[in-house]
Amino acid sequence: MTAPALPDTHPPAQKTWWQQNQQRLAPWLFLAPGIFMFMMYVIIPIFQSVNISFYEWDGLGEATWVGADNYIELMDDEAFYTSLKNNVIWLVLYMLAIPGGLLVALFLNQTVRGIRIYKSLFFFPFVISQVVVGLVFAWFYDPNFGLMNIALGWFGIEPIAVLANEDYVTYGIIAAGLWPQTAYCMILYLTGLNAVDPEQIEAARLDNAKGVKMLWYVILPQLRPATFIAVVVTVIGALRSFDLISIMTDGGPWGSSRVLAFYMYEQAFSEYGFRMGYGAAIAVVLFLIMMIYITGFLYKMYRDERGR
Amino acid sequence: MLYTSLKLTAALAASTLISSAALAGELVINTDTSDPAPKAAFEALIKGFEAENPDVTVTWNLFDHEGYKTSIRNFLTADSPDLANWYAGNRMLPYVNAGLFEPVDDVWEENGLKDSLASSVGSMTIDGKIWGVPYTYYQWGVYYRKDIFEEQGIAVPTNWDEFKAAGAKLSEAGITPITIGTKYLWTAGGVFDYINLRTNGYDFHMALGKGEVSWTDDRVKATMNNWKELIDAGFFLENHAAYSWQEALAPMVQGDAAMYVMGNFAVAPLREAGLSDDQLGFFQFPVINPDVPLAEEAPTDTIHIPANAKNKEDAKKFLAYLARPEVQTEINKTLGQLPINKNSEVGEDKFLQAGYEMLSTTDGGIAQFFDRDYPAEMAKAGMEGFQEFMVKPERMDAILERLEKVRARVYK
């Protein structure tokens with residue numbers, strides 16, 4: 001039921017406030033739902049976490065203000081340092097997925113019969129769930145029937161229980177994580193390689209560039225956007241390494257494969273946890289560490305935008 | 001158009017009224033009994049209660065076992081059922097302290113439960129009040145391969161020296177004496193419980209759980225040293241930190257390991273894996289210090305009324321029904337566990353009979369389990385320490401000092 005459209009007989013009236021400011025307001029109106037969600041689910045919870053980290057609270061009863069006690073305890077907590085150390089190992093070693101993905105992508109970037117099948121096979125580990133990857137690797141490492149130890153047995157090496165050994169366990173889980181992550185980087189580089197300018201390669205050929213030199217000076221600079229994305233997703237992947245740890249070792253043996261995210265979950269939500277304040281304090285520390293990375297990331301984005 | 005929608009609203013309002021009237025006789029039960037046997041037991045239990053109380057409709061929400069541990073915290077505060085299952089001892093303490101459970105002393109008084117459920121009064125009482133009704137428990141002890149023991153000419157060990165000798169003999173024959181999987185930690189808690197109960201006794205074990213004794217105390221060290229004797233003699237399955245308790249069943253089934261310090265729930269999977277009752281046996285954990293009265297481990301499962309329950313009257317009726325001897329007989333027959341009510345009958349099963357005999361003659365006290373008797377944080381740190389100790393026994397002092405640090409924090 002709309003009013004019939006009548007011809008406008010009045011002289012052009014004074015513009016309303018809405019008409020005057022429409023241009024400026026419209027973007028904000030469109031952004032409003034997004035901003036609302038972002039505030040509700042990201043920004044406000046950050047401040048809430050910081051707030052909770054100053055309390056001792058079991059999630060049920062009264063929360064008591066303890067000031068910086070949680071942080072002081074954290075500074076004296078061996079488990080915290082183990083987790084921190086493991087986080088660093090994860091961040092460093094996970095970066096291997098980038099050159100690994102590049103190698104596989106270069107290898108697969110050829111026109112051979114059935115190459116699509118090979119490509120999809122290489123991409124397969126990224127498609128299956130992390131939980132399945134964790135289980136597969138847990139069995140692979142199994143000291144009794146695991147493939148790895150059977151293979152080691154051929155060389156007369158005693159079985160190694162990777163997941164029960166405090167020195168090897170983190171590396172074992174990272175190796176499991178690298179499998180899907182390499183596939184992810186590979187797909188990024190494959191799309192990147194499609195966009196490489198054939199004329200530049202032609203020109204480089206004429207200048208007698210070959211092999212590694214061609215890769216380093218001609219191909220890689222053109223793959224910079226792909227590399228950038230690969231670094232971003234790999235860092236994120238390393239920091240959200242929670243699921244593999246939970247499936248493969250549950251943080252063990254005796255907590256030596258924990259990372260900060262897992263330790264936070266254990267303290268705040270697991271069966272024996274429910275120390276919300278302490279968990280929040282760990283979350284705040286993790287957030288600060290990520291801030292370093294996020295700041296760098298934002299700065300680079302900003303610089304790139306301006307450079308354009 | 002407007003008229004019909006008005007009529008619809010009226011109809012809706014009426015139906016809401018009706019359903020809220022029906023709500024008076026509705027009983028909501030939340031449980032985590034999702035495994036086949038417990039599920040069947042609860043189905044029968046609820047059916048029996050409904051048959052006796054036709055005016056009460058039971059709504060039963062079944063939760064996954066692991067998820068329940070988190071959901072209970074949410075539903076007790078937000079959307080409370082009328083009944084929920086949980087565990088006795090320290091495990092219910094946080095909810096009692098937060099005022100989320102309702103004391104049910106009146107149910108106990110009216111039905112004479114203090115007499116018929118006498119054995120569990122202690123583990124159900126906090127601050128002088130009783131907080132629920134227990135319906136089942138099961139024994140812990142040593143499950144062993146009878147055929148392997150016979151083959152090796154080993155008699156059932158009753159004291160520490162015999163136990164160690166039996167292990168040595170098994171090791172010689174290339175058989176791991178005790179299988180265990182400590183990936184999820186709690187199995188190591190069971191071993192600690194028994195060695196500590198046998199070395200220092202029930203009262204000390206409980207005092208340690210209450211934080212009254214230091215973890216660096218000489219008596220704790222005595223327990224750990226006894227444990228170390230077994231570790232040094234290669235008693236436990238190699239690489240146990242990589243296995244769950246179910247995965248650790250395999251060596252026992254295959255005959256590569258001979259014993260398992262476990263709860264009675266291990267019998268079902270062992271039988272399913274093909275071990276017959278002639279191959280599988282049970283014995284009480286051997287005596288270490290002959291001056292210490294024998295205490296046993298028998299975790300009790302319970303049902304509670306949340307403080308925010310809407311239909312407490314029928315909930316209490318249900319608890320009274322649950323406490324009856326014939327009901328407990330029936331439910332435990334399906335569960336394959338032991339009834340709490342002393343007038344109930346125990347199933348024919350030989351392990352149940354053995355457990356019943358052991359627990360009814362226990363004079364040293366009945367412990368719940370490490371992670372039920374000890375506060376959650378202490379339990380977590382403790383079991384992690386035990387796992388480390390079982391792999392690196394030389395770190396004993398460092399581990400105990402770490403636990404002492406946790407104790408200082410937990411029991412403020």
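Cut-off values and rules
Residues numbered from 1 in each chain as written. Chains lettered and ligands numbered in written order. Predicted model: local features only at pLDDT ≥ 70, side-chain atom pairs only at ≥ 80, totals over all residues. Heavy atoms only, no water. Pairing = 2+ DSSP bridges. Helix = DSSP H or I, 4+ residues; strand = E, 2+ residues; numbered from the N terminus. Axes fitted to C-alpha atoms, helices over the stretch in contact; angles between N-to-C directions. Contact = heavy atoms within 4.5 Å. pLDDT = per-residue confidence, 0-100. Buried area = accessible area lost by both parts, 1.4 Å probe. Salt bridge = Lys/Arg side-chain N within 4 Å of Asp/Glu carboxyl O. Polar contact = N/O pair within 3.5 Å; in protein donor to acceptor, adjacent residues only side chain to side chain.

### A closer look at the sheet that holds strand E9 (residues 257–263) of chain B
Residues and elements named next belong to chain B.
So, step 1. As summarised here, the arrangement of the four strands in space is E8-E9-E7-E10, forming an open sheet in which the pairing is mixed. Of all the strands in the sheet, the pair left with one neighbour each is strand E8 (176–178) and strand E10 (280–283). Each strand axis lies, on average, 25 degrees off the axis of its neighbour in the sheet, ignoring direction.
So, step 2. Taken together, the two bridges between E8 and E9 define a ladder with parallel strand orientation. In the sheet register, Thr176 faces E9, and the bridge partner there is Ala257.
So, step 3. The strands that helix H17 (residues 350–360) touches are strand E7 (140–145) and E10; relative to E10, the one it contacts most, it runs at about 5 degrees.

### Concerning the sheet that holds strand E2 (residues 57–62) of chain B
Residues and elements named next belong to chain B.
So, step 1. The strand order E2-E1-E3-E12-E6 describes an open sheet built from five strands, whose pairing is mixed. A single partner strand is all that each edge strand has here, and the edge strands are E2 and strand E6 (133–137). Shown here is a sheet whose adjacent strand axes are inclined to one another by a mean of 25 degrees, direction ignored.
So, step 2. Pairing geometry for strand E3 (residues 83–87) and strand E12 (residues 300–304), over four bridges, is antiparallel. Looking at the pairing, Asn85 lines up with Ile303 of E12.
So, step 3. In this fold helix H3 (residues 65–77) packs onto strand E1 (26–31) and E3, with an angle of close to 120 degrees to the strand it touches most, E3.

### Thoughts on the confidence of the model for chain B
So, step 1. On average, residues of chain B score 84 in pLDDT, and 94% of them are at 70 or above.
So, step 2. Within the model, the stretch residues 1–23 of chain B combines pLDDT values under 50 with one contact to residues more than four positions away or in other chains.

### A closer look at the interface of chain B and chain A
So, step 1. Contact with chain B, which involves 29 residues of that partner, is made by 27 residues of chain A.
So, step 2. With both chains or domains summed, chain B and chain A bury close to 2,500 Å², and 53% of this area falls on carbon and sulfur atoms.
So, step 3. The largest share of the area that chain B buries against chain A comes from B:Arg73, B:Lys183 and B:Lys380, three residues that together contribute 21% of it.
So, step 4. Put simply, chain B and chain A have seven salt bridges between them.
So, step 5. Across the salt bridge formed by B:Lys380 and A:Glu266, the nearest N and O atoms sit 3.0 Å from each other.
So, step 6. Between chain B and chain A we count eight residue pairs in polar contact (both at pLDDT 80 or more) in total.

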